[in-house]
Amino acid sequence: MATLKEEKNKRVKKTDKEKNQMLELFRQMYLIRQFELACGENYTKGNIRGFLHLYIGQEATAVGSISCLEEEDYIITHYRDHGHAIARGLDVNRSMAELFGKKTGLSKGKGGSMHLFDSAKKFMGGHAIVGGQFPVATGLALACQYKKTGGLVVCYFGDGSTNQGTYHETLNLASVWNLPILFILENNKYGMGSAIDRVRAGGEDFYTGVDTYDIPAAQVNGMDVLAVKEATEIAVKKVRQTGGPFYLECKTFRFVGHSLADGQKYRKSNEITEWEKQDPLVKFPKWIKSAGIATDKDLEKIKSEVNKTVEKSVEFAETSEEPSKSELDDDIYKK
Amino acid sequence: MREAIKKGLEEALDTDPNVLIMGEDIGEYGGAYAVTDGFLSKFGPERIKDTPISEATFIGTGIGAAAAGLRPVIELMSISFSLVGFDQIVNMAANIRYMSGGQIDVPMVIRAPTGAGVQLAATHSQSFETWLAEVPGIFCVCPSNPKDALGLLRSSIKNNNPVIFAEPALLYGLKGDVPDEYYEIPLGSASISQEGNDISLVSYGAGMKILHETSEILAKENISCEIIDLRSLSPIDYDTIGESVKKTNRLVAVDTARKNGGIMAEVVANVQESFNDWLDGPIVRIGADDVPWPYNKNLEAEAYPSSEKISEKILKTLI
Ligand SMILES: Cc1ncc(C[n+]2csc(CCOP(=O)(O)OP(=O)(O)O)c2C)c(N)n1
Ligand SMILES: [Mg+2]
């Protein structure tokens, strides 16, 4: 699969449409980064509480892959869900308001950071029990298959979650029933403080182990948004053709702690600095400029618009109403 | 509180070579709530075992290890995650001794933070000690202060059965005196946390602070409260509760878990059966609202029992 460098060497002339696509990828990644920075700040201020897991460093994975999806496709993910939500186009104001626990939030303030949902966008959660999303992804895919919607399910998960039984059970069932699921592993080398080599048999690569389940699999550099996009395009095409599962491993890294409560004592020295050299928010805009897609000025314009969007989302969240106490019992049962 | 639990674990590791600890991120990371911080370097990786995120399997591993003569202490990051290993706890740990006609013991402790109050929302705020307390074959305790935590942990690790040791997440930072001389607190014993004459209040864990606040409010109305700390949810110490009811003739039972199916439903039913003649009024039962725990702070507080709500209900119902 092509890397940024190969892509650059091709020096193909981009059409306007392609250029705009590239800029949109940049815009989304930058939006996620700024959103996450704002979340961190507001956690410190006490506006956001509970557990907060940031997506900083992993932006290229969500943005590259979700750019290949259609409206009828479902997304389901784990608690590190802000990046997927934003890449799917969930309302930024309502997302921030949810983190602030406000009535205007995506889930009316009831779910919080780890449990973002937007069923209209087929964004089926944010799930905070590690491994909990796998079986549900199977069911979403069963419905797609049963109803012949043509849609597929993208199931995001972390390296740590592959040690739950549900992971293995789901890969098996998805294969046996030939269900349209694209499994996207975000291999950021750690599950909380546990480095892969301390908790996993079989080494640092996961895609090779999927053979057992007879599911086609590939690996891609998750820090390279174009590579992720290209790999996902191939994967999605395959799922639509065969109706069955595909497994894509994205090698990525979080530049920050597991949650805001993490001192990161477990990191190997220099590791973060090394990975930061691959920061998609540094490398990709550089490439955009060198490929003649946009100038500094164009990028600055995008940035300042995004900055405003994020500022406005914080303002929206801050000024939104709290849910009223009478709402406590709402939404337990469907009336 | 954290220090007391830590002390109990260190002591067990120091004195019994068969004790070992297993759980997610308990070693290198030092534990999600920092209880086992420093243990890895002190006791080594053979006894401080970081596990993969595989609750069913490492709980089951504890069962097997216990059946073969070790004394594993399992740490869960949250009692909500016990659900992933429920089959192992309920079907296996609790039943093996009985099914084998007493041939096999499972001396294992499962420690887990429990309860709501820190805005972790529906999946991370539950109190499943109330579910586990129903299962015959396992003990279930929950301390409300550092002294009890150490005394109960000592007994739990020495016990030859599976023990659920629920640690209220809200209380890890709680300060309190811990005696220097060695003591144990037997499983199945409640304590009188405050003596009084007019009403008996019972709760456990994070509920105890609420009972003491309630007592202060009622003291202003010249009502003297006796406060009982259940400490053990299985078995329940009905002797202590009964004695108190005989003295005050009134009972108020408070759960910080959901009211529906909470352990106080059990307490109330048993007191009703056994001490009905001693009661001078209806038993008052209060618990958390029967809703999934909301993330929003105000809603969470609304669902949680408070001393205001409790004292109001007492004044309305009993006085
Ligand atoms: C069943 C369960 N066990 C433990 C946890 C606590 N926990 C939350 S995230 C996490 C690490 C998961 O790592 P990974 O799947 O690699 O995802 P990442 O955080 O790296 O994105 C753990 C142990 C949980 N939420 N659910
Ligand atoms: Mg990970």
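How each quantity is defined
- Residues numbered from 1 in each chain as written.
- Chains lettered and ligands numbered in written order.
- Predicted model: local features only at pLDDT ≥ 70, side-chain atom pairs only at ≥ 80, totals over all residues.
- Heavy atoms only, no water.
- Donors = N, O, S within 2.8 Å, 3.2 Å for Na, K, Ca; no water.
- Buried < 20%, exposed > 50% of the residue type's maximum accessible area, 1.4 Å probe, protein only.
- Helix = DSSP H or I, 4+ residues; strand = E, 2+ residues; numbered from the N terminus.
- Pairing = 2+ DSSP bridges.
- Phe/Tyr/Trp six-rings, centres within 6.5 Å; stacked < 30°, edge-to-face > 60°.
- Near = heavy atom within 4 Å.
- Polar contact = N/O pair within 3.5 Å; in protein donor to acceptor, adjacent residues only side chain to side chain.
- Contact = heavy atoms within 4.5 Å.
- Axes fitted to C-alpha atoms, helices over the stretch in contact; angles between N-to-C directions.
- Right-handed = clockwise from strand over helix to strand, strands pointing away.
- Buried area = accessible area lost by both parts, 1.4 Å probe.
- Salt bridge = Lys/Arg side-chain N within 4 Å of Asp/Glu carboxyl O.
- Nonpolar A, V, L, I, M, F, W, Y, C, P; charged D, E, K, R; others polar.

On to the coordination of the magnesium ion (ligand 2), then. Residues and elements named next belong to chain A. Coordination of the magnesium ion (ligand 2) by the protein involves Asp159 (OD), Asn188 (OD1) and Tyr190 (O), with metal-donor separations of 2.1 to 2.3 Å. In the primary sequence, the donor residues of the magnesium ion (ligand 2) line up as D-x28-N-x1-Y. For the pair shown, asparagine 188 and tyrosine 190 are each scored as buried.

All names here are of chain A. The buried fraction of strand E2 (residues 123–127) amounts to four of the five residues, a majority that puts the element mostly inside the structure. Across three bridges, strand E1 (residues 74–78) lies against E2 in parallel orientation. Each bridged residue has a counterpart across the sheet, and for histidine 78 the counterpart in E2 is histidine 127.

Further remarks concern the packing of aromatic side chains. Evaluation of the coordinates by the stated rule reveals 17 aromatic pairs over all chains. With 5.6 Å between their ring centres and 50 degrees between their planes, phenylalanine 157 of chain A and tyrosine 167 of chain A make a pair best called tilted. Separated by 10 residues along the polypeptide, phenylalanine 157 of chain A in strand E3 (residues 153–158) and tyrosine 167 of chain A in helix H7 (residues 165–176) bring together distant segments of the chain. Side by side, phenylalanine 157 of chain A and tyrosine 167 of chain A carry an identical accessibility label, which is buried. A centroid spacing of 5.7 Å and a plane angle of 75 degrees characterise the contact between phenylalanine 39 of chain B and phenylalanine 43 of chain B, whose relative ring orientation is edge-to-face. In this pair, phenylalanine 39 of chain B and phenylalanine 43 of chain B both sit in helix H2 (residues 39–43), four residues apart, roughly one turn of the helix.

To continue, consider the site of ligand 1. Not every one of the 23 residues close to ligand 1 is listed here, only the nearest: Tyr79, Arg80, Ala128 and Gly160 of chain A together with Glu55 of chain B. Around ligand 1, the nearby residues trace back to chains A and B. The contact in question runs from a nitrogen atom of ligand 1 to an N or O atom on the backbone of alanine 128 of chain A, over 2.8 Å. Tyrosine 190 of chain A places a polar main-chain atom, nitrogen or oxygen, 2.9 Å from an oxygen atom of ligand 1.

Attention shifts here to the environment of arginine 231 of chain B. All names here are of chain B. Along the polypeptide, arginine 231 turns up in the loop between strand E9 (225–229) and strand E10 (232–234). C-alpha separation for the pair arginine 231 and glutamine 126, spaced 105 residues apart in sequence, amounts to 18 Å. Sequence-distant contacts of arginine 231, defined by excluding residues within four places in its chain, comprise Val141, Cys142, Asp148, Leu152, Ile185, Ser189, Ala190, Ser191 and Tyr204. A polar contact of 3.4 Å, which involves the side chain of arginine 231, links it to the backbone oxygen of alanine 190.

With that settled, consider the sheet that holds E1 of chain A. Note on sheets: strands pair through backbone hydrogen bonds, and any given pair is parallel or antiparallel. Residues and elements named next belong to chain A. The six strands are arranged E2-E1-E3-E4-E8-E7 in an open sheet whose pairing can be described as parallel. The two strands at the open ends of the sheet, each matched to only one other strand, are E2 and strand E7 (217–221). For this sheet, the mean inter-axis angle between neighbouring strands, taken without regard to orientation, is 15 degrees. Bridge count between E1 and E3: three bridges; the pairing is parallel. Counted as the bridge partner of isoleucine 76 is cysteine 155 from E3. Strands E1, E2, E3 and strand E4 (181–187) of the sheet are contacted by helix H6 (residues 133–147), whose axis makes an angle of about 170 degrees with E3.

Turning our eyes to something else, we now look at the pairing of strand E8 (residues 246–251) of chain A. Residues and elements named next belong to chain A. Among the six residues of E8, five are classified as buried, and the element is accordingly described as predominantly covered. Sheet topology note: the E4/E8 ladder contains six bridges and is parallel. Within E8, the position partnered with phenylalanine 183 by the bridge is tyrosine 247. By the bridge criterion, five bridges tie E7 to E8 in an arrangement that is parallel. Bridge assignment links asparagine 221 to a residue of E8, and that residue is lysine 251. Following the backbone out of E7, through helix H9 (residues 225–242) and into the adjacent parallel E8, one traces a crossover that is right-handed.

Quick look at the interface of chain A and chain B now. Each partner contributes to the interface: chain A provides 38 residues, whereas chain B provides 34 residues. Carbon and sulfur atoms make up 60% of the area that chain A and chain B hide from each other, which totals about 2,900 Å². In this assembly, chain A and chain B are joined by four salt bridges. Across the pair lysine 325 of chain A and glutamate 302 of chain B runs a salt bridge, and its minimum N-O distance is 3.8 Å. Applying the counting criterion to the chain A and chain B interface returns 16 residue pairs in polar contact (both at pLDDT 80 or more). Put simply, the parts of the chain that give the side of chain A that touches chain B at least two residues each are helix H5 (92–99) and helix H8 (196–199) of chain A. Split by residue class, the side of chain A that touches chain B holds 15 nonpolar, 14 polar and nine charged.

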